[in-house]
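Here's the letter readout for the chains.
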Amino acid sequence: MNIKTIAVIGAGQMGSGIAQVHAEAGYEVYLYDISGKQVEKGLESIQKRLERNAAKGRMTVEDQEKTMGNLHASYVLSDVSRAELIIEAASEKMEIKKAIFAQLNEEAQETAILATNTSSLPITEIAAETTRPDRVIGMHFMNPVPVMKLVEVIRGLATSGETTKAIMDVIQTLQKTAVEVQDSPGFAANRILMPMINEAVFTLHEGTADVEGIDNVMKLGMNHPMGPLELADFIGLDTCLYIMEILHEGLGEDKYRPCPLLRKYVKAGWLGKKTGRGFYEYN
């Protein structure tokens, strides 16, 4: 399949990052969001990242301008009809994703691939909202997208081999590494990462060590670049809780039970870096 044009649905941190890496790879990219202001904010954030990269010699000014030239603001969902590949990067809520995919099924080319950047939700269930489940697939990019090299590729029950190969080929052009995983709760990345974060919260909750101690154990003892509690703040404690609930419900084992302290912080509005307070305080 010859993919030249991409549409990205959702212009937040993940969506703008996904749009950027495809534009850098030479694809024509339409960045859409239900909020026009968010589209403009997303494009501005891409511009700033590219300017910073050019200033540090990571790319030429010419490549910076070429990348921005490949990006197009989209204010109507019907623009997805221009694309051979559509990547949804909206909120991590099943009802939102189902509604979007039902719309994409109507607006997109018949042969277009519909991908979701979900980090934990079932691809098969999302695909059931369309009449083309063979062309629905998961593309789970890591955050921050322009920096992280991994993309989880998740096949739904009906996803075809042709669709999977096309996505693998696209990821290769982004100079990223694709890992194919099964459509299981949390996939591979969050199936491993979130229980580790949850266990770190339990360790804090039970008084085994304090925040800095727990993070230092993992950074200095296990060579992790960031401690699990600091990472949880970066991801968002509400997101961590949501994924743990998906794992607990989907796999039905007590080892995936979210820590009560994690629930307490989320109820308090201490969601991490984005709210200025999580396991750490941020100015």
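If you look the chain up in an unreviewed UniProt entry, it shows as 3-hydroxybutyryl-CoA dehydrogenase from Sinobaca qinghaiensis. UniProt annotates the chain under Sequence similarities (unreviewed entry) with the comment "Belongs to the 3-hydroxyacyl-CoA dehydrogenase family."

(A) Region of interest: unusual backbone geometry. Residue Asn 143 is joined to Pro 144 through a cis peptide bond whose omega torsion reads 0°. Phi is positive for Gln 175, close to 60°, though the residue is something other than glycine. Along the chain, Gln 175 turns up in the loop between α6 (161-173) and β8 (177-181). In this structure, Phe 187 takes a positive phi of about 55° despite not being glycine. Among the structural elements, Phe 187 can be located in the loop between β8 and α7 (189-205).

(B) Examining a negative patch on the surface more closely. A cluster of like negative charges, contributed by Glu 24, Glu 62, Asp 63 and Glu 65, occupies part of the molecular surface. The leading source of residues in the negative patch is helix α3 (residues 61-69), at 3 residues. Mapped onto the secondary structure, Glu 62 falls in helix α3. The exposed category is assigned to Glu 62, whose relative accessible area is 56%.

(C) Spotlight on the domain arrangement of the chain. Each assigned domain of the chain is listed here: domain 1 (5-182) and domain 2 (189-274). Taking only C-alpha atoms, the centre of domain 1 and the centre of domain 2 are 27 Å apart. Contacts between the two partners involve 10 residues from domain 1, matched on the other side by 6 residues from domain 2. Between domain 1 and domain 2 the total buried area reaches about 620 Å² when both faces are included, carbon and sulfur atoms providing 58% of it.

(D) View of the layout of surface pockets. The space that makes up the largest pocket amounts to roughly 1,600 Å³. For the lining of the largest pocket, the leading source of residues is α7, giving 6 residues. Grouping the constituent residues of the lining of the largest pocket by class yields 21 nonpolar, 13 polar and 8 charged. There are two domains that each give the lining of the largest pocket at least three residues, and those are domain 1 (5-182) and domain 2 (189-274). In terms of lining residues, the second largest pocket is bounded by 29 residues, among which Gln 20, Glu 24, Arg 49, Pro 146 and Val 147 are the most central. Broken down by secondary-structure element, the contributors of at least two residues to the lining of the second largest pocket are α1 (13-24) and α2 (36-55). When grouped by side-chain class, the residues that make up the lining of the second largest pocket number 9 nonpolar, 12 polar and 8 charged.

(E) Structural view of the UniProt feature "domain: 3-hydroxyacyl-CoA dehydrogenase NAD binding" (unreviewed entry) in the chain. The UniProt feature table records "domain: 3-hydroxyacyl-CoA dehydrogenase NAD binding" (unreviewed entry) at residues 5-183. Taken end to end, residues 5-183 is 41% helix and 22% strand, and its first and last C-alpha atoms sit 27 Å apart.

Rules of the game
- Residues numbered from 1 in each chain as written.
- Predicted model: local features only at pLDDT ≥ 70, side-chain atom pairs only at ≥ 80, totals over all residues.
- Heavy atoms only, no water.
- UniProt positions renumbered as here; feature names shortened; annotations may be inferred.
- Helix = DSSP H or I, 4+ residues; strand = E, 2+ residues; numbered from the N terminus.
- Patch = residues over 30% accessible without salt bridge, like charges linked within 9 Å, V, L, I, M, F, W, Y side chains within 5 Å.
- Areas by Shrake-Rupley, 256 points an atom, 1.4 Å probe, with all protein chains shown as cover.
- Salt bridge = Lys/Arg side-chain N within 4 Å of Asp/Glu carboxyl O.
- Lys, Arg positive; Asp, Glu negative; His and termini not counted.
- Charge placed at Lys NZ, Arg CZ, Asp CG, Glu CD.
- Buried < 20%, exposed > 50% of the residue type's maximum accessible area, 1.4 Å probe, protein only.
- Domains from an automatic or database assignment.
- Contact = heavy atoms within 4.5 Å.
- Buried area = accessible area lost by both parts, 1.4 Å probe.
- 1 Å grid on protein atoms, 1.4 Å probe; cavity = no way out; pocket = protein on both sides within 12 Å on 5 of 7 lines; lining within 4 Å.
- Points joined across faces, edges and corners; volume = space filled by probe spheres on them.
- Nonpolar A, V, L, I, M, F, W, Y, C, P; charged D, E, K, R; others polar.

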